[in-house]
Structures are given as C-alpha cells and as structure tokens.
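# Examining the three-dimensional arrangement
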Amino acid sequence: MSQKERKTPLVDELEKGPWPSFVKEIKSVDNPKAKDLLGVLERSYQDKIGHWKHGGLVGVMGYGGGVIGRYNDLPDEYPNVAEFHTLRVNQPSGWFYTSDVLRKLCDIWEEHGSGITNMHGSTGDIIFLGCSTEELEPTFAALTELGFDLGGSGSCMRTPSCCAGMARCEWACYDTMGLTHDLTMEYQDELHRPPFPYKFKFKMAGCPNDCVASVARADLSIIGTWRDEIQIDQEAVREYANSSELNVLEDVVERCPTGCMRYNGQLEIDDENCVKCMHCINVMPKALAPGKERGATILIGSKAPIIGGALLSSVLVPFLEMEPPYEDLKELIEAIWDLWAEHGKNRERVGEFIQRVGLGNFCDEIGLDVAPEMVIQPRTNPYIFYEMDTADY
C-alpha cells in the first residue's frame, strides 16, 4: 500500500476534540518516516500490542549515551521506520534560544531525520525523534558544528536543567543557569560515558517555588533559599490591606502553614518558624521578598515510579552558599557518587539506595553531619537506640 493510500481510522480519532493533537502535527510533517510512524501506531491500536523494540548498541563514536535505540518489529511493512532512534540534544541553560538557532536545528533534523521533535523532553533535552543508524554520525557532526552536544541517556548523569533563574525571575536566590552550565562542563565523562548503577538527575530551581519540579523528579534537587529574614515593605503591605485585591489576614496570614505571621496594621513574621513556602511572597510580591543572605537547600532522592514507588526529595543540606566554583557542592556530589556507584544495585536510584542502607549510614559514609531538617516526620517508634562513646564518662 502506498503512503497516500494508507488509512489510519483509529489514529484519526485522536484529532477530534478541543485539545491539541500530536497526530495532526505528525501529519503536517512532509517526511516518509512520519507517515510510516502513524501506520505503525495504527497497527499497534489494531493488534493491541506495541510494535517497537527498545535498545540496541547504537550511538556516536566515543559516547556511551545520548542515543536511544528504537527498532520496529515490522520492518518489511514499514521500512521507513525500521530504525527510529531518538537523539537527546543538550539544551542551553534555561532553554534560551535565538530564532536563528532554532531554524538551524530544524534544518539539521529535516536533512538527517524524521523532522519530528519534542521541545523538550522530561529531563530538558531537545528530542530528535526518528533517526536511522547511518545518519547518527552525520547528525552529530552537524550539531557539534552548530555548538550543540548530545545529552545524557542510560546509567549516567542526565542532562542538568534549570529554571530561567536570575535571567527572568526576581525571586531567584542563586544563578541557576550559571550552575547548570558549570556542572555540565565539569562532569562531561559522567554525562557521556555511563558510570553509575542507574540514572542521576540534577535540577536547579532558583527559589522555593521550584518551577522545574525538582523536588519530585531529581536525584539531587538544588533549590534556592535564604537564611535571614524575609524583606518587608510595611507601606506596601498597608497598600495591599487597603485595596480590594486581597484580604491580608484571610489570604496571607491565615494561610501560612506554620502560623508564623501576624498582622495588626503591621506585618510580623517569626522567621525562625518560616518554612520558605513562598506563599506570602507570591501573594504580595510588591511588599515581600526573599532575604538577602541567599543560597540553596540541597535535597536528594526523588524519582518517578518505575522501579518501586515514587519518591520526593529529602533535605540533605539545609543551606549551602552558591558561588562559583561551587567547590562545596561538587565535593558533596562526588562523595555521593563514589558511595552509590560502589554499593548501589543495578537500576537502583540513589533515593532507593538511601532507603535500603538508611539515611544515617549514608550520611556517615559521605562524611555529612545529620541535621534536624533531614527529619521528614516525627518518630513513630517509641524505642530509641543509640551508641554512647564510653570516653564521655
């Protein structure tokens, strides 16, 4: 059957309705790979099984990651997608592009691949969907000439990503884009040549709003924070109180999760009990701002429910200054990697590793002092076991 005669009634159902349709978008791509791709999807809906095989030793010379092998198990019927590999391309920090660069990326992909992209993948990469094996090296050569590198895949450090930080946001407590670029350059081996039991993701958020959702999907979440008092403009607070925009008591004070705020013509904040939720700052941005002593909280261990259940990050370091060359952060990162790489099981994320060995043992091994902020919830076991140093008697 020719490409023009191919019928896809089941797939066509996904064009109906008010929502955007990936089927409509793929049909707009003038490429034989795109047409065969929809044909395979139609067969999958008919047969109620997937017709794709994941894996295969494909890649570019010298790299152990960045290319994800995809093979169709119906190559005679759909020859244009017999090989449909995915390339992950390392995105610029904060996803800032010029229109000229975007056009050049599209030109490269239209010449060498399917023309189908995903801007961006969950990790943050530019995703090129649908490359044949013979076109991998030419695509890579064209990308490097443009100034782009491949991102991470497999059991490696995945492509670091971040929010726009100080480039766009007044609440950013450190330079997320600067740190992302620094870590990407520093750990090229860990990015391109998988050395770990499983994937390891960095995500940089400039403030506790965590616009990149690092607390839910990063093995190491670096979230901007402050450790002094929230900055208050009392005159601006009174302007909010006298306006019809909000009720300071109901919308701000009573919604504080720790009840650390008071208002009686003057806003008072018990900063020692503030948990940096950002609610008050988000609601009254003209009156409140993060403190001046800024840095980041380092959290560890979140993941999606692939092996085992989903995990949210736990606090590892309550406050760390974030200034180049980030030596303290890198010392911590490398201590974590050394321990996990040595003792982690195959396909065991670092959060699962910590659950298995215990946070106390983990902190001992990486040389990190425990802190109250590491406690997720109060102890439910009434029996407390501890070791006493006999030298203290």
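Scroll up for the structure.
Residues numbered from 1 in each chain as written. Predicted model: local features only at pLDDT ≥ 70, side-chain atom pairs only at ≥ 80, totals over all residues. Heavy atoms only, no water.

This next bit is on the side chain of S21. Residue placement: S21 occurs in the loop between α1 (9-12) and α2 (22-27). Within the structure, the side chain of S21 is placed 3.2 Å from the backbone nitrogen of V23, a separation counted as a polar contact. Beyond its immediate stretch of four places on either side in the chain, S21 contacts L14 and E15. (Helix = DSSP H or I, 4+ residues; strand = E, 2+ residues; numbered from the N terminus. Polar contact = N/O pair within 3.5 Å; in protein donor to acceptor, adjacent residues only side chain to side chain. Contact = heavy atoms within 4.5 Å.)

The mixed open sheet is built from five strands, whose spatial order is β7-β8-β9-β14-β15. Of all strands in the sheet, those bounded by a partner on one side alone are β7 (161-162) and β15 (314-320). Pairing between β7 and strand β8 (residues 202-205): two bridges, direction parallel. Note on β8: the bridge partner recorded for S161 is K203. The strands touched by helix α6 (residues 176-186) are β7, β8 and β9 (220-226); relative to β8, the strand with the most contacts, the crossing angle is about 160°. Each of β8, β9, β14 (294-300) and β15 touches helix α12 (residues 327-343); the most contacted strand, β15, lies at about 155° to it. (Pairing = 2+ DSSP bridges. Axes fitted to C-alpha atoms, helices over the stretch in contact; angles between N-to-C directions.)

Spatially, the four strands line up as an open sheet ordered β2-β4-β6-β5, and their pairing is antiparallel. Across the chains shown, the open sheet's two edge strands, defined by having one partner strand only, are β2 (67-68) and β5 (116-119). The pairing of β2 with strand β4 (residues 85-89) spans two bridges and is antiparallel. When the bridges of β4 are listed, V67 appears paired with L87.

With that settled, consider the pattern of salt bridges. Scanning the model with the defined rule gives 16 salt bridges in all. With a closest N to O distance of 2.8 Å, E13 and K16 form a salt bridge. Classification of E13 as partly exposed rests on a relative accessible area of 44%. For R227, the salt bridge is made with E293, and the minimal N-O distance between the two is 2.6 Å. Placement of the pair is R227 in the loop between β9 and β10 (231-232) and E293 in the loop between β13 (288-289) and β14, with a sequence separation of 66 residues. Residue R227 is classed as partly exposed on the basis of its relative accessible area of 45%. For E293, a relative accessible area of 35% translates into the label partly exposed. When salt bridges that share partners are traced, they join D12, E15 and K27 into one network. (Salt bridge = Lys/Arg side-chain N within 4 Å of Asp/Glu carboxyl O. Buried < 20%, exposed > 50% of the residue type's maximum accessible area, 1.4 Å probe, protein only.)

Counting across every chain of the model gives twelve aromatic pairs. Here F196 and W337 contribute two aromatic rings whose centre-to-centre distance is 4.9 Å and whose plane-to-plane angle is 45°, an arrangement assigned as tilted. Here F196 is found in the loop between α7 (188-192) and β8, whereas its partner W337 is found in helix α12, with 141 residues between them in sequence. This pair shows no difference in class: F196 is buried, exactly as W337 is. (Phe/Tyr/Trp six-rings, centres within 6.5 Å; stacked < 30°, edge-to-face > 60°.)

With respect to the helices, strands and loops of the structure, H192 is situated in helix α7. We classify H192 as buried; its relative accessible area is 2%. Those residues within four positions of H192 in sequence are excluded, and the remaining contacts are Y63, G64, G65, D149, L150 and G151.

Contact geometry for helix α4 (residues 99-112) and helix α5 (residues 136-146): axes closest at 10 Å, N-to-C directions at 165°. Looking at the two axes, α4 sits roughly antiparallel to α5. Crossing angle aside, the handedness with which α4 passes α5 is right-handed. Along its contact with α4, which presents V101, K104, L105, I108, W109 and H112, the element α5 presents P138, T139, A142, L143 and L146. Here the residues of the contact of α4 with α5 are counted per class, giving eight nonpolar, two polar and one charged. (Parallel < 35°, antiparallel > 145°, perpendicular 65-115°, else oblique. Left-handed = near helix turned anticlockwise from the far one by under 90°. Nonpolar A, V, L, I, M, F, W, Y, C, P; charged D, E, K, R; others polar.)

Here we come to unusual backbone geometry. With an omega of 15°, the peptide bond between M119 and H120 qualifies as cis. By the secondary structure assignment, H120 is in the loop between β5 and β6 (126-131). Residue P325 is bonded to the preceding P324 through a cis peptide linkage, with omega at 5°. In this fold, P325 is placed in the loop between β15 and α12. If you check the backbone angles, K276 has positive phi at about 60° while not being a glycine.

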